[in-house]
Every structure is written in C-alpha cells, then in structure tokens.
Amino acid sequence: MERAFADFPHWISSPRQESELRKVLYKAMLEAGISDVVSWADAILNLLRRAVQ
C-alpha cells in the first residue's frame, strides 16, 4: 500500500489519482485476505484526509 501512495501523490486533489489509488488498495487488501475492502479503503482515505487538514 505504501507504494500506491507514492505512485499517486495527488490523490487528495485529483479524482483520477484517487480512483487509481483505490484500485491498488482494493487489490492489496484482497490479496491480504481482507473482505470489506471498500469500507476499509474509505476509512483509510478519510483518516488521511483529516490528518492533512
């Protein structure tokens, strides 16, 4: 996942980059055996958005 954030550094301001980031996050979480990937990705991205405000 760390690599995904490096690959899409403007995900907060770019809808296209956020979409690409989500695809990579979903895939990584599915490979790790996490089932509710959308909820987890939403939680991670929301937490990071709040952290930069």
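Residues numbered from 1 in each chain as written. Predicted model: local features only at pLDDT ≥ 70, side-chain atom pairs only at ≥ 80, totals over all residues. Heavy atoms only, no water.

Asker: Can you walk me through the packing of helix H2 (residues 15-31) against helix H3 (residues 37-52) in this structure?
Answerer: H3 packs onto H2 with a crossing angle of 125° between their chain directions and a minimal axis gap of 10 Å. Compared by their axis directions, H2 and H3 come out oblique. The hand of the H2/H3 crossing is right-handed. In this structure, H2 contributes Glu-18, Leu-21, Arg-22, Leu-25, Tyr-26, Met-29 and Leu-30 to the contact, and H3 contributes Val-37, Val-38, Trp-40, Ala-41, Asp-42, Leu-45 and Arg-49. Looking at the contact of H2 with H3, its residues break down into 10 nonpolar, no polar and four charged. (Axes fitted to C-alpha atoms, helices over the stretch in contact; angles between N-to-C directions. Helix = DSSP H or I, 4+ residues; strand = E, 2+ residues; numbered from the N terminus. Parallel < 35°, antiparallel > 145°, perpendicular 65-115°, else oblique. Left-handed = near helix turned anticlockwise from the far one by under 90°. Contact = heavy atoms within 4.5 Å. Nonpolar A, V, L, I, M, F, W, Y, C, P; charged D, E, K, R; others polar.)

Asker: Explain the environment of Trp-11 here, please?
Answerer: With respect to the helices, strands and loops of the structure, Trp-11 is situated in the loop between helix H1 (2-7) and H2. Put simply, Trp-11 and Arg-49 are 38 residues apart on the chain and 9.9 Å apart in space, counted from C-alpha to C-alpha. Those residues in contact with Trp-11, other than ones at most four positions away along the chain, are Phe-5, Gln-17, Glu-18, Leu-21, Leu-45, Leu-48 and Arg-49.

Asker: Teacher, can you tell me more about the confidence of the model for the chain here?
Answerer: The predicted model of the chain averages 96 in pLDDT, with 100% of residues at 70 or higher. Across the chain, the element-wise mean pLDDT spans from 95 in H1 up to 97 in H2. (pLDDT = per-residue confidence, 0-100.)

Asker: Would you mind going over the side chain of Gln-17 with me for this structure?
Answerer: Its place among the elements puts Gln-17 in helix H2. Residue Gln-17 is classed as buried on the basis of its relative accessible area, which comes to 11%. Setting aside residues up to four positions removed in sequence, Gln-17 forms contacts with Phe-8, Pro-9, His-10 and Trp-11. (Buried < 20%, exposed > 50% of the residue type's maximum accessible area, 1.4 Å probe, protein only.)

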